[in-house]
Amino acid sequence: MQKHTHDTLDRPLSALDVIFTRRSVRSYTGEKIDAETVRALLDAAVQAPTAMRAEPWMFVVIQDENVLKHYSDLTKASWLTQVSNHAELHRPHGLDARLFRDRLRDPAYSVFYNAGTLVVIYARGSAPFATADCWLAAQNLMLAACALGLGTCVIGSATATLDSMEAKVEFGLPADAVAVAPIVVGIPDRNAVEPSERHEPRVVCWK
Ligand SMILES: Cc1cc2nc3c(=O)[nH]c(=O)nc-3n(C[C@H](O)[C@H](O)[C@H](O)COP(=O)(O)O)c2cc1C
């Protein structure tokens, strides 16, 4: 199958084009996407399959710069204390541990890459397969954003911070909500997309 990029296409993206062109974006113009676009992404998210029709997802949309900075700072502080154990998890490719620590100490560095918008998908604690449903919604949201020419990146490193009781109270979530998928969305800077190849699918059995 031919793989496409946005640049080589002169027609609307198909579903397969979007699957093959979506890549995590870590550099943004900082411009906020408008409310109508956010709504369109959330509408796409909730089309995901959902176990027993539970639709256990809850969405928090954060565009306020001070709130984004607050949760970025909390995340950075928490990672600085754990960095020796977990640096590999979200250390950008090739960045050594010392540089990673320097980045976490840099007041200008945002774990949300100044994307302008953060959508956090929370699961209602008790629903069956709630986490699976939320990740499927997350992928729908990211593919829809890609189709609209927007960039996204999962920010797993901020999950614990966004799962805190402080965050749940601030965002009006029930106490049993579970932060599953923090996703930044924004307008990519030119050349923001880094190549990210995949191995061939590892088929271990095909009877
Ligand atoms: C559960 C999960 C957590 C992630 N957390 C982070 C993160 O904290 N920061 C980050 O820059 N990227 C994060 N990513 C993005 C991955 O690094 C990225 O998906 C991977 O390198 C493959 O690249 P691609 O998305 O461009 O195909 C996360 C992805 C997933 C699925």
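What counts, and at which threshold
- Residues numbered from 1 in each chain as written.
- Predicted model: local features only at pLDDT ≥ 70, side-chain atom pairs only at ≥ 80, totals over all residues.
- Heavy atoms only, no water.
- Helix = DSSP H or I, 4+ residues; strand = E, 2+ residues; numbered from the N terminus.
- Buried < 20%, exposed > 50% of the residue type's maximum accessible area, 1.4 Å probe, protein only.
- Contact = heavy atoms within 4.5 Å.
- Phe/Tyr/Trp six-rings, centres within 6.5 Å; stacked < 30°, edge-to-face > 60°.
- pLDDT = per-residue confidence, 0-100.
- Arc of directions from axis to C-beta.
- Salt bridge = Lys/Arg side-chain N within 4 Å of Asp/Glu carboxyl O.
- Polar contact = N/O pair within 3.5 Å; in protein donor to acceptor, adjacent residues only side chain to side chain.
- Core = buried A, V, L, I, M, F, W, Y, C linked by side-chain atoms within 4.5 Å.
- Pairing = 2+ DSSP bridges.
- Axes fitted to C-alpha atoms, helices over the stretch in contact; angles between N-to-C directions.

## Describing the side chain of lysine 76
Point 1. When you line up the elements, lysine 76 lands in helix H3 (residues 65–90).
Point 2. What makes lysine 76 buried here is its relative accessible area of 4%.
Point 3. Contact partners of lysine 76, with chain neighbours within four places excluded, come to Arg103, Leu104, Asp106, Pro107, Tyr109 and Val111.

## Let's talk about the packing of aromatic side chains
Point 1. Tallying each qualifying case throughout the model produces 2 aromatic pairs.
Point 2. Residues tyrosine 71 and phenylalanine 171 carry aromatic rings whose centres are separated by 5.5 Å and whose planes lie at 45° to one another, so their mutual orientation is tilted. Of the two residues, tyrosine 71 is situated in helix H3 and phenylalanine 171 in helix H7 (residues 165–171); the sequence distance between them amounts to 100 residues.
Point 3. According to the relative accessible area criterion, phenylalanine 171 is buried, its value standing at 19%.

## Re the confidence of the model for the protein
Point 1. Of the residues in the protein, 90% have a pLDDT of 70 or more, and the chain-wide mean is 91.
Point 2. Across residues 1–5, confidence stays below pLDDT 50; counting only partners more than four residues off in sequence or on other chains, it has 8 contacts.

## Looking at helix H2 (residues 35–45)
Point 1. Taken together, the buried positions of H2 are occupied by Val38, Leu41, Leu42, Ala44 and Ala45. Buried residues in H2, looked at end-on, bunch into an arc of 160°, giving them a common side. Away from its buried face, by an angle of more than 90 degrees, H2 presents the exposed residues Glu36 and Arg39.
Point 2. Check the buried side of H2 and you find it contacts strand E1 (57–62), strand E2 (117–124), helix H5 (130–147) and strand E4 (177–186).

## Thoughts on the pattern of salt bridges
Point 1. For the structure shown, the criterion picks out 6 salt bridges.
Point 2. Its salt-bridge partner being aspartate 73, residue lysine 69 comes within 2.7 Å of it at the nearest N-O pair. Pair noted here: lysine 69 and aspartate 73 are both in helix H3, with a separation of 4 residues, about one helical turn.
Point 3. With a relative accessible area of 44%, lysine 69 lands in the partly exposed category.
Point 4. For aspartate 73, a relative accessible area of 30% gives the class partly exposed.

## Quick word on the environment of lysine 32
Point 1. The residue lysine 32 is located in the loop between helix H1 (15–21) and H2 in this model.
Point 2. Separated by 32 residues in sequence, lysine 32 and aspartate 64 have C-alpha atoms that sit 9.7 Å apart.
Point 3. In this structure the side chain of lysine 32 is engaged in a polar contact, spanning 3.2 Å, whose partner is the side chain of glutamate 65.

## Focus: the nonpolar core
Point 1. One finds Phe112, Leu118, Tyr122, Ile155, Leu162, Phe171 and Val184 to be the most contacted residues of the largest nonpolar core, which totals 27 residues.
Point 2. Elements supplying a minimum of two residues to this core: E1, H3, E2, H7 and E4.
Point 3. The contacts of leucine 118, once residues within four sequence positions are left out, are Val60, Val61, Ile62, Leu68, Phe112, Leu162, Pro182, Ile183 and Val184.
Point 4. Grouped together as the second largest cluster of nonpolar side chains are 26 residues, Leu41, Ala45, Leu141 and Ala144 included.

## Section: the sheet that holds E4
Sheets are built from strands that pair by backbone hydrogen bonding, the pairs being arranged parallel or antiparallel.
Point 1. Strand order in the open sheet formed by 4 strands is E1-E2-E4-E3, with antiparallel pairing between adjacent strands. Pairing within the sheet leaves two strands with one partner each, and these edge strands are E1 and strand E3 (151–154). Between one strand axis and the next, the sheet turns by 25° as a mean value, whatever way the strands run.
Point 2. Inspection of the sheet shows E3 paired to E4 by 4 bridges, in the antiparallel sense.

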